[in-house]
Amino acid sequence: MTLHNLFNNVISLFYPSRCAVCDALSRTAFCGKCAAEYPPTTAAASGFDGLDRVYALFPYTDKVRKAVLNLKFHARPDIAASLGRAAAEFAPFTAADIDVVTFIPLSKKRARERGYNQAEIFAKSYAKGKGLPCRALLVRTRNTAANSGLAAAARKENVSGAFAMKNGASAAGKRILLCDDVLTTGSTVASAAAVLRDAGAASVCVLCAAKTRYDGEDVPEDGDPR
Ligand SMILES: [Zn+2]
């Protein structure tokens, strides 16, 4: 973790007070202007095999895309916390549906570079808002190349077998909510969900901060860069 990232991590604990989209000072996840311009999605995403329910808070467009890129590449973990709080407000899961919240793990290499896992911060912030436990259940078994720019089949291949249960973690009988930042083809969350199911999970639902428009070919260059 770089000093800069450490600083931002510490600051984000005390001052999660900027709009996730436009950076304006705001006590809530989004300033009034952005909240009006980017209403959270209310419908579940569909067409994802092997997942029980999938929900993404925003379409991955314009300012939301900028917010996610700031979050991932410009040392703004506070944005993940803001998005998690917004998800706790808008996502259609209740504490009665879910036993435990978890997240897509980063590779060690990426975690070292970035200093934080945006999916983990998002998940923890969501879980805190809902009064649910958040646990690290998964590990990466290998470094995967960024999925950005790959077509669906290549994405699936890229993340196949990339995850395993964390030592000592249990999924048996649990209804799990798996969190990630950006949902594109769903290949990453599907690969992780398969591991949780093999470990006995009763169900695996998915919560993402944003969802790209994906119609088979149209994968944006920066879609799902881990
Ligand atoms: Zn704003």
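Residues numbered from 1 in each chain as written. Predicted model: local features only at pLDDT ≥ 70, side-chain atom pairs only at ≥ 80, totals over all residues. Heavy atoms only, no water.

Draft legend 1. Focus on the packing of helix α4 (residues 77-90) against helix α6 (residues 118-130). Where α4 meets α6, the closest approach of the two axes is 7 Å, and the angle between their N-to-C directions is 35°. Viewed along their axes, α4 and α6 form a crossing whose handedness is right-handed. Residues P77, A80, A81, L83, G84, R85, A87 and A88 of α4 touch α6, and the partners they reach there are Q118, I121, F122, S125, Y126, G129 and K130. When its residues are assigned to classes, the contact of α4 with α6 shows nine nonpolar, four polar and two charged. (Axes fitted to C-alpha atoms, helices over the stretch in contact; angles between N-to-C directions. Helix = DSSP H or I, 4+ residues; strand = E, 2+ residues; numbered from the N terminus. Left-handed = near helix turned anticlockwise from the far one by under 90°. Contact = heavy atoms within 4.5 Å. Nonpolar A, V, L, I, M, F, W, Y, C, P; charged D, E, K, R; others polar.)

Draft legend 2. Examining the pattern of salt bridges more closely. For the structure on display, the rule yields eight salt bridges. We note a salt bridge from D52 to R197, for which the minimum N-O separation is 2.7 Å. In this pair, D52 is assigned in the loop between α2 (32-37) and β1 (54-59) and R197 in helix α8 (residues 187-198), connecting sequence segments 145 residues apart. For R197, a relative accessible area of 31% puts it in the partly exposed group. Linked through salt bridges whose partners overlap, the residues forming this network are K109, R110 and E113. (Salt bridge = Lys/Arg side-chain N within 4 Å of Asp/Glu carboxyl O. Buried < 20%, exposed > 50% of the residue type's maximum accessible area, 1.4 Å probe, protein only.)

Draft legend 3. Main features of the confidence of the model for the protein. When the pLDDT values of the protein are averaged, the result is 82; 82% of them are 70 or greater. Taking the mean pLDDT of every element in the protein, the minimum, 53, falls on helix α1 (residues 3-14) and the maximum, 98, on strand β2 (residues 100-103). Below pLDDT 50 for its whole length, residues 216-225 participates in 31 contacts with residues either more than four positions away or in separate chains. (pLDDT = per-residue confidence, 0-100.)

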